[in-house]
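Architecture and fold: a report
The lines below spell out each chain.
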Amino acid sequence: MPSWILGLIVVLVVVLAVTAKLAARTRAPDPGWFIDSTRAAGALTVIGTMFSVLLAFTIFFALQSYQRASNGASVEAVAVTELHNVADVLEGHDGEKLHGGLICYSRAVVSDEWSAMARSETSPAVNHWVDTMVEDFAATTPEGASQEAAYAQWFDQQAERRDGRRDRLAEATPSVPFPLWIVLGIGASAILSYMCVQADRRESAVVQAVPIAFVSALVASALVVVAFLDHPYSDWSGSIQPTEMNVTLQFIDDGHPAPCDESGNPT
């Protein structure tokens, strides 16, 4: 979804809220529907405070999810680079096969799995190269102290890569539960509806429109931010991109033969 659509959603919410407030103003009795305006304002304060607290916790929760996704992608990319260095020590045919698997894995992550995560899915190509690297490494026979040390280090870096990918994939599924979205929607609707009921024809249309325009813009923008953070891999400006893995791929794709095409599909 292009970012300008998110801005358009906010503008539409503001226009609808202002239109509803001005329509209520034309039908409001004199001096308004509330006899005690102070008590009415107090009720709005309670509703607004409850909604603000809930919204703040939701944004914080979604921001943590976004950060975990970003950190997982970085950890995975660094681990792939370290695995490449370990494969350099495991010379010969075994090392070449591991190099090829790492290159194909990185290509598949960048070209296929990133777009799949936007649909809350994983990449079969990436899963294939994970299994292939496990099989290739199991067939490796280290020779000498340096290769034995590299052999042991491979397990540690493979665990880092696995954990990073797991964190990345875990955040591909929206973390804000649907019931919470319902509660947020009820809270936002309650605030804007209550402000419409406070319409007073004794005040000018501009004075009546400005407060609800500001409030509706803030409420809509906050809900859009939650949706953005809850979908970190969607095609939005500011969404998480495979930048770290692209850097890793440029480093490890150094002429070693790779049994895949440029998108990571097996050949």
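In the block above lies the structure referred to throughout.
Throughout what follows, the structure given in this document is the object of discussion. (Residues numbered from 1 in each chain as written. Predicted model: local features only at pLDDT ≥ 70, side-chain atom pairs only at ≥ 80, totals over all residues. Heavy atoms only, no water.)

On to the packing of helix 4 (residues 124-138) against helix 5 (residues 144-170), then. Closest axis-to-axis distance for the helix 4/helix 5 pair is 12 Å, and the angle between their directions is 165°. The orientation of helix 4 relative to helix 5 falls into the category roughly antiparallel. Considering the relative orientation of helix 4 and helix 5, their crossing is left-handed. In this structure, helix 4 uses V126, N127, V130, V134 and F137 to contact helix 5, whose residues at the interface are Y151, W154, F155, Q158, R161 and R165. Looking at side-chain class alone, the contact of helix 4 with helix 5 contains seven nonpolar, two polar and two charged residues. (Axes fitted to C-alpha atoms, helices over the stretch in contact; angles between N-to-C directions. Helix = DSSP H or I, 4+ residues; strand = E, 2+ residues; numbered from the N terminus. Parallel < 35°, antiparallel > 145°, perpendicular 65-115°, else oblique. Left-handed = near helix turned anticlockwise from the far one by under 90°. Contact = heavy atoms within 4.5 Å. Nonpolar A, V, L, I, M, F, W, Y, C, P; charged D, E, K, R; others polar.)

Attention shifts here to the side chain of S239. With respect to the element layout, S239 can be found in the loop between helix 7 (205-230) and helix 8 (243-252). Relative accessible area serves as the criterion here: at 7%, S239 is assigned to the buried category. In terms of polar contacts, S239 uses its side chain to reach the backbone carbonyl oxygen of S234, at 2.7 Å. Not counting residues up to four positions away in its chain, the partners in contact with S239 are Y66, F228, P232, Y233 and S234. (Buried < 20%, exposed > 50% of the residue type's maximum accessible area, 1.4 Å probe, protein only. Polar contact = N/O pair within 3.5 Å; in protein donor to acceptor, adjacent residues only side chain to side chain.)

Look at helix 4: 21 Å from first C-alpha to last across 15 residues, which is about the 21 Å you get at 1.5 Å a residue. Turning to helix 4, its buried residues are A125, V126, W129, V130, T132, M133, D136 and F137. Buried residues of helix 4, seen end-on, are gathered within an arc of 165° and therefore sit on one face of the element. Of the residues in helix 4, the exposed ones pointing more than 90 degrees away from the buried face are P124, E135 and A138. (Expected span 1.5 Å × (residues − 1). Arc of directions from axis to C-beta.)

Within the largest apolar cluster, 64 residues are counted, with the highest numbers of intra-cluster contacts made by Y105 and W154. Looking at this core, the elements with two or more residues in it are helix 1 (3-27), helix 2 (37-89), helix 3 (92-117), helix 4, helix 5, helix 6 (178-197), helix 7 and helix 8. Ignoring sequence-local partners within four residues, the contact set of W154 consists of L83, V86, A87, L98, L102 and F137. (Core = buried A, V, L, I, M, F, W, Y, C linked by side-chain atoms within 4.5 Å.)

Together, W4, L8, V11, L12 and V15 line one region of the surface with nonpolar side chains, adding up to about 500 Å² of accessible area. Tracing the backbone shows L12 in helix 1. Residue L12 is classed as partly exposed on the basis of its relative accessible area of 47%. (Patch = residues over 30% accessible without salt bridge, like charges linked within 9 Å, V, L, I, M, F, W, Y side chains within 5 Å. Areas by Shrake-Rupley, 256 points an atom, 1.4 Å probe, with all protein chains shown as cover. Salt bridge = Lys/Arg side-chain N within 4 Å of Asp/Glu carboxyl O.)

With that out of the way, let us pick up the packing of helix 6 against helix 7. Here helix 6 crosses helix 7 at 170°, and the two axes come no closer than 10 Å. Taken together, the axes of helix 6 and helix 7 lie roughly antiparallel to each other. Where helix 6 abuts helix 7, its residues W181, L184, A188, I191, L192, M195 and C196 lie against P211, I212, V215, S216, V219, L223, V226, A227 and D230. When grouped by side-chain class, the residues that make up the contact of helix 6 with helix 7 number 14 nonpolar, one polar and one charged.

With that settled, the discussion passes to the side chain of H84. Relative to the elements of secondary structure, H84 occurs in helix 2. Setting aside chain neighbours within four positions, we find H84 in contact with H99, L102, F251, I252, D254 and H256.

This next bit is on the state of the cysteines. Across all of its chains, the model carries one disulfide by this definition. Two residues, C104 and C260, share a disulfide whose sulfurs are 2.2 Å apart. Here C104 and C260 share a disulfide; its torsion about the S-S bond, -100°, makes the bridge left-handed. Here C260 lies in the segment after helix 8 and C104 lies in helix 3, a separation of 156 residues in the sequence. Given the relative accessible area of 8%, C260 is considered buried. (Disulfide = S-S within 2.5 Å.)

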